[in-house]
Amino acid sequence: MFGWLLTRMLPFVPMPLVKAISSRYVAGVTLGEAAGRVGLLNGQGYKATIDILGEDAKDAAHADGTVLGYQNVLARIMADGLDSNISVKLSHLGIRLNQSDAEARLSRILDTAAGLGSFVRIDMEDSGLTGTTLDLYRALRTKYPHVGTVLQAALHRTADDARALAAEGANLRLCKGIYREPRAIAFQSKADIRQSYLETAEVLLSAERTYTAFATHDRVLLQRLLELTQRMEVPRDRFEFQALLGVPVDDVLSGLVFNGYTVRWYVPFGEEWYAYSTRRLKENPKMASYIVRHWFGR
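All of these numbers come straight from a predicted model, not from anything done at the bench. (Residues numbered from 1 in each chain as written. Predicted model: local features only at pLDDT ≥ 70, side-chain atom pairs only at ≥ 80, totals over all residues. Heavy atoms only, no water.)

Peer 1: Hey, could you run me through the overall build of the protein in this one?
Peer 2: Counting its regular elements, the protein contains 12 helices and 8 strands. Of all 298 residues assigned to the protein, the portion counted as buried reaches 52%. With an accessible surface of roughly 13,900 Å², the protein has 55% of that area assigned to carbon and sulfur atoms. (Helix = DSSP H or I, 4+ residues; strand = E, 2+ residues; numbered from the N terminus. Buried < 20%, exposed > 50% of the residue type's maximum accessible area, 1.4 Å probe, protein only. Areas by Shrake-Rupley, 256 points an atom, 1.4 Å probe, with all protein chains shown as cover.)

The following block contains the structure:
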């Protein structure tokens, strides 16, 4: 109850306190802070994917700044020898301002990544960008083999997308999906979304050339995915598990690492930490309560 009340009071909570609470979810404001967090995770046997916080570029200058930011991230990954890749949102590159300009910006990031031997994940956003994202991914794969994208199990179309992409040998992150989508195009119940996730996972694992990243914090789903990969005898180099930094599923993931599975944390950082942090805390009120008590307890 305390955590729920706190999330409703977030607009009135002093920003330093929100920042202290959110430090579990956000690696920091600067690239140096993010690199340091990734280094710690690597030392514990985890891989990472770094994300610069932000969506929907305000103008071309904002979108160009995002490109430079990711180029700096890629350079830092190489310089520090980090086991990490990057994840990029098309709206952060200005795709809603001008699609061709956004595609050119993404190509600049991919060129930098290719030169450094790094991988780039094109994030999936709301359903208005699903078709555009998948089309662009397909177009870019011919030139940039080290690029992947995301499927959201909540969408009705995902089963068909998965079958088509699996036949092409795609590199995909599979998540439930966080966007509120209409009933006409998306499953609404947790049970239906979980079932869609498992069915999609089986499609992807059945395709030998497809690499799948299972992004979920659902403990039941994690166990069933593990059982699925074992039943299908899928080699461990064809899939991995992923989670958002700070989500309390560390015990399960550390067990997976101990047993030789690949686990990757999604590590966000940047100046737009406040909006991201409040969203995470609203999704997980219990975490807000825990962190506040711990913070004041010190």
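Peer 1: Even after reading the chapter, I still don't get the pairing of strand 8 (residues 263-269), so can you show me in this structure?
Peer 2: Looking along a regular strand, one sees the side chains alternate between the two faces of the sheet. For strand 8, the buried fraction is high: 7 of the 7 residues fall into the buried class. Burial of the side chains of strand 8 extends over both faces: V263, W265, V267 and F269 are buried on one face and R264, Y266 and P268 on the other. Where strand 1 (residues 47-52) meets strand 8, 6 bridges bridge the pair, whose relative direction is parallel. Counted as the bridge partner of A48 is W265 from strand 8. Inspection of the sheet shows strand 7 (residues 239-244) paired to strand 8 by 4 bridges, in the parallel sense. The partner of L244 across the bridge, within strand 8, is Y266. Tracing the backbone out of strand 7, into helix 10 (residues 250-258) and back to the parallel element strand 8 gives a crossover that is right-handed. (Pairing = 2+ DSSP bridges. Right-handed = clockwise from strand over helix to strand, strands pointing away.)

Peer 1: Mind showing me how you'd approach the layout of surface pockets here?
Peer 2: A water-sized probe rolled over the atoms picks out the places where empty space is left. Within this model, the second largest pocket holds a volume of roughly 310 Å³. Ranked by residue count, the leading element in the lining of the second largest pocket is helix 4 (residues 60-80), at 7 residues. Of the residues assigned to the lining of the second largest pocket, the class counts are 7 nonpolar, 7 polar and 2 charged. (1 Å grid on protein atoms, 1.4 Å probe; cavity = no way out; pocket = protein on both sides within 12 Å on 5 of 7 lines; lining within 4 Å. Points joined across faces, edges and corners; volume = space filled by probe spheres on them. Nonpolar A, V, L, I, M, F, W, Y, C, P; charged D, E, K, R; others polar.)

Peer 1: In this structure, what is going on with the nonpolar core? I would like to understand it.
Peer 2: For soluble globular proteins, nonpolar side chains are generally found buried alongside one another. Formed by 73 residues in total, the largest nonpolar core has its most connected members in I86, I109, F214 and F241. Not counting residues up to four positions away in its chain, the partners in contact with I109 are V67, Y70, L74, I86, V88, L93 and V120. With 6 residues, the next largest nonpolar core counts Y25, V26, L244 and Y266 among its residues. (Core = buried A, V, L, I, M, F, W, Y, C linked by side-chain atoms within 4.5 Å. Contact = heavy atoms within 4.5 Å.)

Peer 1: Looking at this structure, how should I read the pattern of salt bridges?
Peer 2: When the charged atoms of two side chains with opposite charge come close together, those side chains can pair. Scanning the entire structure with this criterion turns up 17 salt bridges. Close ionic contact of K89 with D51 constitutes a salt bridge, the shortest N to O distance being 3.9 Å. Taken together, the residues span a long stretch of sequence, with K89 in the loop between strand 2 (84-88) and helix 5 (99-116) and D51 in strand 1 at a distance of 38 residues. Like D51, K89 is buried. We note a salt bridge from R96 to D126, for which the minimum N-O separation is 2.4 Å. Within this pair, whereas R96 is found in the loop between strand 2 and helix 5, its partner D126 is found in the loop between strand 3 (120-122) and helix 6 (130-141), the two being separated by 30 residues in sequence. Look at R96 and you get partly exposed, because its relative accessible area is 42%. On the basis of relative accessibility, which here comes to 23%, the residue D126 falls in the partly exposed class. A single salt-bridge network, built from bridges that share partners, covers D51, K89, D123 and R173. (Salt bridge = Lys/Arg side-chain N within 4 Å of Asp/Glu carboxyl O.)

Function cannot be inferred from these measures alone, as they are strictly geometric.
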